[in-house]
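Next come the chains, spelled out residue by residue.
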Amino acid sequence: MSHLTRTPVSRKLSYLISAVGIGTACFNASAQAQDEASTAEDLYVMDPFTVSADDSTGYIASNSISGTRTKTAIRDIPLNIQVFTEELAADLIVTSQVDLERYNASLVNGGDDPHSNNVIQQAYNGFIFRGFVQNWSLRDGVRQYDPVDAQGISRVEIVKGPVAAMYGVTYPGGVMNTITKSAIQGANFADAMFSIADHGEWRATLDANVSGESEFGAFSIRYNGAYQETKDGREHSDGKIEYNQINVTLAPTKSTTIKLLAEYGYREQPNGLGYFTTSEVDENGVGIGNSAEIPLQVTHPDIDWDWNWATGNMRSCDNTLYKAEITQKFSDNFSINAYALYSTRDQVDSDGGLDGNGGGGSGGSWAANSNTGWINPNTANEKIVLQNHYIDWCNQNRAYGLTGLLTFDIGGIKNTVTGGAHFWEETFYSHRGSMPSTSPNYVILDVVANLDGLSFADTFPPSDYYINTSSGQHEESENEYYFASLQSEFLDGRLRTTAAINYTELDLKSYANIASDVISNHTKDDKVSPLFGAMFDITKDISVFGVYSTSLFPTTDKNDFEEQLPPVEGESYEFGFKFDIIENKLSGTISYYIIEQTGGSQRDPNAINKNKIEWDGMTDAERAIAFPGLTRDELKDRNGQLGDLIPGLKQESTGFEVDLVYQPMKNWQIMLSYAHNDVEIKESVDKTQIGRIPNSGHIEDQLSFLTKYSFEDGPAKGLYIGLGGQWADGAFQGYVGDVARYNPSTFYLESFAGYNFKTFGRKSSIQLNVKNITEVDEFVGWKATGSSKLATERYEVPTDIRYTLSYSISF
């Protein structure tokens, strides 16, 4: 039982509701008088706390809400902000915001699955932003862990650099803020889409909005839904996606807007779609220490690359979200917004047969027994052995807050003040279960004896695994944020400044296990996070900007022994230019930054981990069975990396970025993003780590582009075509000794072509998307050299070109 002492949710929520209620009562009479005098055309007032599709044209967005918490022209914000618009997402037929990360070069999706876009969760420690690892993003300004179905997304905003002054808790690299669709006042429509892809995959979506007037004021209701059966070229890859979202917008008066949101999402994909590997051994079966990782398919060429053990064990993520929000406009100069949110997530990483060594793409494998996987590789007794196993991650989140917006002029200086308070609470549980030590593991395949019959049993033996409450996790956390910002305009608007400050309190309690009320770790911290920035118009088309900003983040990182690592703090200086030139045809941002990160975690490849502890307690015979072909120094932690995570001291990231949108004519758009990043450890307990790259997956140079041309007249009228791609330098994979190992560089290309027409008088379109045209290789293992020379080259697994044909119709 938790013993957290905190202000009850109901009491904090009552403070917000009371504030809104008092203000509403004070201004009710004037608001009613304004309503009675208003016409139908001005009934729907602009909401300063909301951005919509109307704030973008094609791939170009003019406003952002993420940089200031209120709708502000991007040109006026001294931050590097980029936006993925709804049209861009539709053209690329993405299924979540994760699919968009390819198209901004400051982002690295290190856990990308080249075969499928059914992402259960972004790979842990796999998403890198300006050189630093991130494990969650924002959803409408509130912490978000999981992919959001694209059907419910209005846009995705990228704010680069630390912005704790706005959000309290953020990573040093920046924030990726997913903006949810809203019900639209004064509009009635229904858009349906059906798509079919190769391998039998298909997806259907519906976006329907209805609005009207009632005795209680204007209203609108919007439903967004999606259902998808996913499948790719790998065996046993069948999964699915379900998504339902309902938005309601009410305007009881001209000055009051109430929004309600209810959402349910579910994704599933089989566990174990990866590959088994083994180290290189000598004639006596002893590892030669070259850190080679040889895939099963290399030593057994008769086994295809699409073969896997993914059957009877499904990874899944189940999400719910409920939100109520009210915006009250008291005058043309003063508005407030208050919200309350409750969400849950249940992510199951394993529920069935599992390889406890992480082979074959196992999720949550560190909680399973180690004497499983590819046993006795390349011998007469080799087998693939699994055990029944279960692990999940369950979160209940509560968030609520209030933001006020005030504008005023003093002596010809325009000022905008934003301030408020936000609260975030979370209850987290992880249940873990595995077979008792007395139960036999399940031999799923005798590799040598069954080369001609590589198939799995349809079902596993009756499950005798159990939920082990002594090995599960239980955490309670609470964050409080109080913030204020001032935006001012001087010199007839040529000089624009932003000053912001945020006071954050963090409280994280970890309990010994699920059933215990004993606190094993207690982290408390508080920080004042400032931000100072300015923009100056050199000409009416070109501005220079500079910003100093900070961040604070209570890392979720734990070492191999489940010990909490310290919070991450960031400090950044950034300078650059924003421009809108050539008669507004070319717009963009060019910037240079320096970010310093302290705290958090660093990887020490020589640190002790659980496998090393287990090794130390074994005999040589036991080691040969549990860790075949490996030396002690080659033993990896639960994340599949050498050594373990240790408390971090100082890391520094520097970089140069260019983001451009060029529209040479109104029907042709070109988007370009380039980023160069260097990141290194500046201080470390282990002095040998200084100067090294801290994060696996880091890419020094990336370039992405996307272009679309629409035919507006002539015989091809209604046709549109597009091409997008990404070049990425070699991705850093870690050190072995003093040698850094990298993936090869990659070049990804995709295209789309569509045609707009009418079906029975209804707007319709048909579109073909071709993804992975360049058949980017998947990198597996490390090539053996037949000697003690270090293995530094990857095995390259071919991937398929993917085709999707879609049809949409509007009513």
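A brief report on the enclosed structure follows.

Thresholds, definitions, all that
- Residues numbered from 1 in each chain as written.
- Predicted model: local features only at pLDDT ≥ 70, side-chain atom pairs only at ≥ 80, totals over all residues.
- Heavy atoms only, no water.
- Helix = DSSP H or I, 4+ residues; strand = E, 2+ residues; numbered from the N terminus.
- Contact = heavy atoms within 4.5 Å.
- Areas by Shrake-Rupley, 256 points an atom, 1.4 Å probe, with all protein chains shown as cover.
- Phe/Tyr/Trp six-rings, centres within 6.5 Å; stacked < 30°, edge-to-face > 60°.
- Buried < 20%, exposed > 50% of the residue type's maximum accessible area, 1.4 Å probe, protein only.
- Lys NZ or Arg CZ within 6 Å of the ring centre and 35° of its normal.
- Pairing = 2+ DSSP bridges.
- Axes fitted to C-alpha atoms, helices over the stretch in contact; angles between N-to-C directions.
- Salt bridge = Lys/Arg side-chain N within 4 Å of Asp/Glu carboxyl O.
- Core = buried A, V, L, I, M, F, W, Y, C linked by side-chain atoms within 4.5 Å.
- Lys, Arg positive; Asp, Glu negative; His and termini not counted.
- Polar contact = N/O pair within 3.5 Å; in protein donor to acceptor, adjacent residues only side chain to side chain.
- Patch = residues over 30% accessible without salt bridge, like charges linked within 9 Å, V, L, I, M, F, W, Y side chains within 5 Å.
- 1 Å grid on protein atoms, 1.4 Å probe; cavity = no way out; pocket = protein on both sides within 12 Å on 5 of 7 lines; lining within 4 Å.
- Points joined across faces, edges and corners; volume = space filled by probe spheres on them.
- Nonpolar A, V, L, I, M, F, W, Y, C, P; charged D, E, K, R; others polar.

## Examining the overall build of the protein chain
Counting secondary structure elements, the protein chain contains six helices and 46 strands. Partitioning the intrachain contacts of the protein chain with sequence separation of at least 6 by distance along the chain shows that 69% fall at a separation of at least 24. Carbon and sulfur atoms make up 56% of the accessible area of the protein chain, which totals about 32,900 Å².

## A look at the packing of aromatic side chains
Under the definition given, this model contains 20 aromatic pairs. A ring pair is formed by Trp-668 and Tyr-709, whose centres lie 6.2 Å apart and whose planes are at 75 degrees; its orientation type is edge-to-face. With a gap of 41 residues between them, Trp-668 in strand S37 (residues 668-683) and Tyr-709 in strand S38 (residues 701-710) connect regions that are remote in the sequence. Ring geometry for Tyr-709 against Phe-711: centres 4.9 Å apart, planes inclined by 80 degrees, an arrangement best described as edge-to-face. Assessed through its relative accessible area of 24%, Tyr-709 is described here as partly exposed. By way of ring pairs, the aromatic residues Trp-136, Tyr-171 and Phe-553 are connected into one cluster. Seen from the ring of Phe-483, Arg-69 lies directly overhead, with NZ or CZ sitting 5.1 Å from the centre. Here Arg-794 stacks its cationic end above the ring of Trp-782, 4.3 Å away from the centre of that ring.

## Observations regarding the sheet that holds strand S10 (residues 142-144)
Strand order in the open sheet formed by five strands is S5-S11-S12-S9-S10, with mixed pairing between adjacent strands. Of all the strands in the sheet, just strand S5 (81-84) and S10 have a single pairing partner and so form its edges. For this sheet, the mean inter-axis angle between neighbouring strands, taken without regard to orientation, is 30 degrees. Looking at chain direction, strand S9 (residues 137-139) and S10 are connected through three bridges and run antiparallel. If you follow Ser-137 over to S10, its bridge partner there is Gln-144.

## Remarks on the pattern of salt bridges
For the structure on display, the rule yields 37 salt bridges. Between Glu-87 and Lys-708 there is a salt bridge, and its shortest N-O distance comes to 3.0 Å. Within this pair, whereas Glu-87 is found in helix H2 (residues 86-91), its partner Lys-708 is found in strand S38, the two being separated by 621 residues in sequence. Classification of Glu-87 as partly exposed rests on a relative accessible area of 30%. With a shortest N-O distance of 2.7 Å, Asp-149 and Arg-203 are connected by a salt bridge. Of this pair, Asp-149 sits in the loop between S10 and strand S11 (153-160) while Arg-203 sits in strand S14 (residues 202-214), placing them 54 residues apart in sequence. The residues Asp-149 and Arg-203 share a single accessibility class, namely buried. Beyond isolated ion pairs, a larger network of salt bridges with shared partners links Arg-130, Lys-160, Glu-574, Glu-657 and Asp-659.

## As for the nonpolar core
One recurring pattern in soluble globular proteins is that nonpolar side chains are buried together. Counting 32 residues, the largest nonpolar core has Leu-79, Ile-81 and Trp-136 as the members making the most contacts within it. Taken together, the elements giving at least two residues each to this core come down to S5, helix H3 (164-167), strand S21 (334-354), strand S29 (495-511) and strand S31 (542-553). The contact partners of Leu-79, leaving out residues within four places of it in the chain, are Gly-67, Val-159, Val-163, Leu-531, Phe-545, Val-547 and Lys-578. Of all hydrophobic cores here, the second largest spans 26 residues; its members include Leu-88, Leu-107, Val-148 and Val-156.

## As for the side chain of Asp-604
One can find Asp-604 in strand S34 (residues 601-604). In this structure, Asp-604 is buried with no salt-bridge partner, the nearest side chain bearing the opposite charge being Arg-692 at 7.1 Å. Looking at Asp-604, its side chain comes within polar contact range of the main-chain nitrogen of Asn-606, at 2.9 Å.

## Topic: a nonpolar patch on the surface
Residues Phe-194, Ile-196, Tyr-755, Ile-766, Leu-768, Tyr-803, Leu-805 and Tyr-807 make up a contiguous nonpolar surface patch of roughly 700 Å² in combined accessible area. Contributing elements (two or more residues each) for the nonpolar patch: strand S13 (189-197), strand S43 (762-771) and strand S46 (802-810). Among the elements that line the nonpolar patch, the one with the most residues is S46, at three residues. Its place among the elements puts Ile-196 in strand S13. We classify Ile-196 as partly exposed; its relative accessible area is 44%.

## Observations concerning empty space enclosed by the protein
Inspection of the entire model under this criterion finds seven cavities of 30 Å³ or more. Taken as a whole, the largest cavity encloses approximately 470 Å³ of empty space. For the largest cavity, the lining is made up of 26 residues, of which Phe-49, Ile-65, Asp-140, Lys-323 and Glu-325 are closest to its centre. Secondary structure elements with two or more residues in the lining of the largest cavity: strand S12 (174-180), strand S16 (239-253), strand S17 (256-270), strand S20 (314-331) and S21. Split by residue class, the lining of the largest cavity holds ten nonpolar, ten polar and six charged. What lines the second largest cavity is a set of 28 residues, and nearest its centre among them are Arg-139, Gln-144, Asp-146, Glu-263 and Asn-319. The dominant element in the lining of the second largest cavity, judged by the number of residues it contributes, is S17, at five residues.

## Description of the sheet that holds strand S8 (residues 132-134)
Strand order across the open sheet formed by three strands is S6-S7-S8, with antiparallel pairing between neighbours. Across the chains shown, the open sheet's two edge strands, defined by having one partner strand only, are strand S6 (107-109) and S8. When strand polarity is set aside, the average angle formed by the axes of neighbouring strands in this sheet is 30 degrees.

## A short note on the environment of Glu-229
One can find Glu-229 in strand S15 (residues 217-230). A relative accessible area of 29% places Glu-229 in the partly exposed class. Distance from Glu-229 to Ile-196, taken between C-alpha atoms, is 9.6 Å for residues 33 residues apart in sequence. Setting aside anything within four residues of it in sequence, one finds Glu-229 in contact with Glu-201, Trp-202, Gly-239 and Lys-240. Separated by 2.4 Å, the side chains of Glu-229 and Tyr-227 make a polar contact.

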